[in-house]
Amino acid sequence: MATVKEGLYYSESHEYVRIEGEYGFVGITDYAQHALGNVVYVDMPEVDDEVTAGEEFGAVESVKAASDLISPVSGTVVEVNEALEDEPELVNKDPWENWIIKVELTDKTEIDKLMDAAAYAEFCEK
């Protein structure tokens with residue numbers, strides 16, 4: 001059973017965002033990394049790229065499949081998790097600690113459209 005963390009916001013495409021002040025840390029959920037299997041590559045945007053809620057910002061490739069990454073929030077990429085360039089499998093080890101991008105949020109109200117932990121856990125059971 002995949003774990004769901006309290007205090008994060010979740011999208012139907014299985015990305016999460018952890019809000020810290022004006023920033024959001026975006027990654028894939030435990031459910032997503034289980035479904036993908038062993039991650040072999042993470043395609044990330046560049047720093048200063050704009051991301052838009054509901055739109056693709058990269059991809060995760062595993063031995064089984066490739067999956068587009070859909071941003072749950074809009075903003076400017078201020079940091080990418082460079083550790084994933086050399087060790088993409090970190091996403092499998094701990095998807096909660098190994099976020100993919102850090103975004104300076106342009107509209108914090110977008111998180112109101114995302115699911116909380118309880119709603120996401122229920123969504124995954126369907």
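Keep in mind that what you see is a predicted model, and the values were worked out from it rather than measured. (Residues numbered from 1 in each chain as written. Predicted model: local features only at pLDDT ≥ 70, side-chain atom pairs only at ≥ 80, totals over all residues. Heavy atoms only, no water.)

Participant: Is there a simple way to explain the overall build of the protein chain in this structure?
Facilitator: A tally of helices and strands in the protein chain yields four helices and nine strands. Going from the N terminus to the C terminus, the protein chain shows its helices and strands as β-β-β-α-β-β-β-β-β-α-α-β-α. Taking 126 residues into account, the globule formula puts the C-alpha radius of gyration at 14 Å, and the protein chain, at 13 Å, falls close to it. With the C-alpha coordinates of the protein chain rotated into their principal frame, the extents come out at 35 × 35 × 20 Å. Evaluated residue by residue, the protein chain yields a buried proportion of 48% over its 126 residues. Here the analysis covers contacts within the protein chain between residues at least 6 apart in sequence; of these, 65% occur between residues at least 24 apart. When the accessible surface of the protein chain is totalled, it reaches about 6,600 Å², and 44% of it is carbon and sulfur. Taking the average place of the 8 positive charges on the side chains of the protein chain and the average place of its 30 negative ones, the gap between the two points comes to 6 Å. (Helix = DSSP H or I, 4+ residues; strand = E, 2+ residues; numbered from the N terminus. Rg over C-alpha atoms; globule rule 2.2 N^0.38 Å. Buried < 20%, exposed > 50% of the residue type's maximum accessible area, 1.4 Å probe, protein only. Contact = heavy atoms within 4.5 Å. Areas by Shrake-Rupley, 256 points an atom, 1.4 Å probe, with all protein chains shown as cover. Lys, Arg positive; Asp, Glu negative; His and termini not counted. Charge placed at Lys NZ, Arg CZ, Asp CG, Glu CD.)

Participant: What exactly am I supposed to notice about the sheet that holds strand 3 (residues 23-28) here?
Facilitator: Strand pairs in the sheet, formed through backbone hydrogen bonds, run parallel or antiparallel to each other. What the six strands build is an open sheet, ordered 1-2-3-9-8-5; its pairing is antiparallel. Pairing within the sheet leaves two strands with one partner each, and these edge strands are strand 1 (9-10) and strand 5 (50-51). With two bridges connecting them, strand 5 and strand 8 (residues 75-80) associate as antiparallel partners. If you follow Glu50 over to strand 8, its bridge partner there is Thr76. (Pairing = 2+ DSSP bridges.)

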